[in-house]
Amino acid sequence: MFKENKYFGEVWFKDSEDTKCFCVLELIDDKIFITTNLTEKYTAYQIDVIYGMFTGLGYVTFVNCNIQHGSTGVVETKVYIPKYTFVCAYHLIDPRNLKTNEFQIDNAAIVKWVRKMNWYNSIEDKIEKQEDIKHQTVISEDLTLTITKSTTYTSNHDFLRMDNVGYVDFKLGKNLSILESIEFYNSFQKLFHFIYGKSVQFKSFNFKCLSCGKWASLYYKDDFNKENISGFITLDYDTINEDLSKIIHHWFTNPDITYCADIIMENLLSVKTSHSRRFTNSYSAFEAFSFKFGKTYRNPTVEKYLLEHKELIHRITSIPENEIKGYVSKIVRHRDYLTHRNKIKNNIFSQFELLYISFLLDYIVGIGLMRKMDVSAEVMDKIMLRAKSTYQNMQSVNKLLNKDVLDDS
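Residues numbered from 1 in each chain as written. Predicted model: local features only at pLDDT ≥ 70, side-chain atom pairs only at ≥ 80, totals over all residues. Heavy atoms only, no water.

Engineer: What is the right way to read the side chain of Ser199 from this model?
Structural biologist: Residue position: Ser199 is located in the loop between helix H2 (178-195) and strand E13 (204-208). Judged by relative accessible area, which is 0%, Ser199 ranks as buried. Here Asn107 takes part through its side chain, which lies 3.0 Å from a polar atom of the side chain of Ser199. Of the polar contacts made by the side chain of Ser199, one reaches the side chain of Gln189; its length is 2.7 Å. (Helix = DSSP H or I, 4+ residues; strand = E, 2+ residues; numbered from the N terminus. Buried < 20%, exposed > 50% of the residue type's maximum accessible area, 1.4 Å probe, protein only. Polar contact = N/O pair within 3.5 Å; in protein donor to acceptor, adjacent residues only side chain to side chain.)

Engineer: Help me understand the packing of aromatic side chains, please; the structure alone is not making it clear to me.
Structural biologist: Two numbers describe a pair of aromatic rings. These are the distance of the centres and the angle of the planes. Applying the stated criterion across every chain yields a total of 32 aromatic pairs. Judged by centre distance (5.9 Å) and plane angle (55 degrees), the ring pair of Phe279 and Tyr283 falls under tilted. Taken as a pair, Phe279 and Tyr283 lie in helix H5 (residues 275-293) at a separation of four residues, close to a single helical turn. By relative accessible area, Tyr283 is classed as buried at 4%. Geometrically, the ring pair formed by Tyr327 and Phe349 is edge-to-face, given 5.9 Å between the ring centres and 75 degrees between the ring planes. Here the residue Tyr327 occupies a position in helix H8 (residues 324-340), and Phe349 occupies one in the loop between H8 and helix H9 (351-372), the gap between them amounting to 22 residues. An identical accessibility class is assigned to Tyr327 and Phe349; each is buried. One cation-aromatic arrangement involves Lys214 over Tyr90; the distance from NZ or CZ to the ring centre is 5.4 Å. (Phe/Tyr/Trp six-rings, centres within 6.5 Å; stacked < 30°, edge-to-face > 60°. Lys NZ or Arg CZ within 6 Å of the ring centre and 35° of its normal.)

Engineer: Mind showing me how you'd approach the environment of Val332 here?
Structural biologist: Assignment of secondary structure puts Val332 in helix H8. C-alpha separation for the pair Val332 and Tyr283, spaced 49 residues apart in sequence, amounts to 8.9 Å. With sequence-adjacent residues up to four places away left out, Val332 is seen in contact with Tyr283, Val302, Glu303 and Leu306. (Contact = heavy atoms within 4.5 Å.)

Engineer: Help me out: how do you make sense of the layout of surface pockets in this one?
Structural biologist: One way to see where empty space is left: roll a probe the size of a water molecule over the atoms. Looking at the largest pocket, its volume works out to about 640 Å³. Taken together, the elements giving at least two residues each to the lining of the largest pocket come down to strand E12 (160-177), E13 and strand E14 (215-219). With five residues, the top contributor of residues to the lining of the largest pocket is E12. Residue composition of the lining of the largest pocket, by class: seven nonpolar, seven polar and seven charged. (1 Å grid on protein atoms, 1.4 Å probe; cavity = no way out; pocket = protein on both sides within 12 Å on 5 of 7 lines; lining within 4 Å. Points joined across faces, edges and corners; volume = space filled by probe spheres on them. Nonpolar A, V, L, I, M, F, W, Y, C, P; charged D, E, K, R; others polar.)

Engineer: What am I meant to see in the nonpolar core here?
Structural biologist: Here is a general trend for soluble globular proteins: nonpolar side chains tend to be buried in one another's company. In this structure, Ile50, Phe62, Trp113, Phe188, Phe194 and Met370 are the most contacted members of the largest nonpolar core, which totals 119 residues. The element that contributes the greatest number of residues to this core is H9, accounting for 13 residues. Residues in contact with Ile50, not counting those within four places in the same chain, are Val11, Trp12, Phe13, Ile34, Leu38, Val60, Thr61, Phe62, Cys65 and Tyr80. (Core = buried A, V, L, I, M, F, W, Y, C linked by side-chain atoms within 4.5 Å.)

Engineer: Which parts of the structure should I look at to understand the pairing of strand E11 (residues 143-155)?
Structural biologist: Residues in a regular strand point their side chains to alternate faces of the sheet. The sheet contact formed by strand E10 (residues 133-140) and E11 spans seven bridges and is antiparallel. Bridging across to E11, His135 finds its partner in Ile147. Connecting E10 to the antiparallel partner E11 that follows it, the hairpin turn spans two residues. Of the strand pairs in this sheet, E11 and E12 are connected by 13 bridges, and their pairing is antiparallel. Paired with Thr152 across the bridge in E12 is Asp163. What sits between E11 and E12 in their antiparallel hairpin is a turn of four residues. (Pairing = 2+ DSSP bridges.)

Engineer: Is there a simple way to explain a nonpolar patch on the surface in this structure?
Structural biologist: Together, Tyr120, Ile127, Tyr153 and Leu160 make up a nonpolar patch on the protein surface, roughly 440 Å² of accessible area in all. What makes Tyr153 partly exposed here is its relative accessible area of 46%. (Patch = residues over 30% accessible without salt bridge, like charges linked within 9 Å, V, L, I, M, F, W, Y side chains within 5 Å. Areas by Shrake-Rupley, 256 points an atom, 1.4 Å probe, with all protein chains shown as cover. Salt bridge = Lys/Arg side-chain N within 4 Å of Asp/Glu carboxyl O.)

Engineer: Can you help me understand the packing of H8 against H9 in this one?
Structural biologist: Packed helices, taken two at a time, are described by the angle their axes make and the gap between the axes. Following both chains from N to C, one finds H8 and H9 inclined at 110 degrees, their axes separated by 12 Å at the closest point. Classified by the angle between their axes, H8 and H9 sit roughly perpendicular to one another. Crossing geometry of H8 relative to H9 is assigned as left-handed. Residues Tyr327, Ile331, His334 and Leu338 of H8 lie in contact with H9, whose contacting residues are Leu354, Ile357 and Leu360. (Axes fitted to C-alpha atoms, helices over the stretch in contact; angles between N-to-C directions. Parallel < 35°, antiparallel > 145°, perpendicular 65-115°, else oblique. Left-handed = near helix turned anticlockwise from the far one by under 90°.)

Put into structure tokens, the structure is as follows:
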């Protein structure tokens, strides 16, 4: 969408089109900043809509423009940060009551997830191109989702350039508002984090304008992108492609699955969360999963729900089966201590141990949700190996790395 980090143009208010002011648009840390002397009296914090036209972009509409700061002098200048920015080559976009039924998002993380690359064959002096990937899922009569990995070409007399690109397309049988469209993409982002553990700020969010039939673009700071892989399940496309349509269908049609996954998502997307906070999130995710999918008890307790997964806990942790009941009781006791703080701090886990209890609970929920989405036994075995490696191998290594010579205990 934005090929440059800075653009120049002019902006105006809807009711004052004759009063246009020079403006500089800058893209900084995935946010848009517009600097101009266009001001409105008596507005302290936000302008609802600002219209503009910029060289290299076309018609631009800025929505929910927060005033970052202003300066006064011979000319008053203000810097606005719009929450949403619409770009169209044909006309101004009216953001109010704006609807669409088809949109496409370019997300470079899809390219790394698919892991198909073009390469130069130096022996035969030719470029070897991988076949494009197009994975389509018909979720319902009103919704089709397609994931695409392909190659774009740019050339002139001096060079030929090939770029791998990844898209997710939504096609609907009904019209959605822009905010509803964003929610659909957010749902995909959550699924992408759940099965792969990584995403990035999208390059473009293109939608079909129903008023003219042409394509326009939307830009905003995506809250669901994260550069580092979480290491939770981390399945690439080749591993999961045969199960992918089933997973997508369940994800978009079963609210109980996404409800439970949303709590885990807080752990996957958070940065520098304390081990106690991460543990309570994981505990809440397990409670939610148990209430939705667990057995029915006359007097349900988390301890009973955890013991339903006794075999799974044994496989992940290698704790002897006759010790699991005490281990489960300790997990519940630690949660009670963190929640009520009126319990005696006795026989609970260390902060280091608490981190891996959190991983364990996340994997119990994650494995349970993947089973509910009818994932194959081969894929489940891979997830199980990752869970076991995380809990046992990673814990052993990090215990050595975090050893404190000054701690004699």
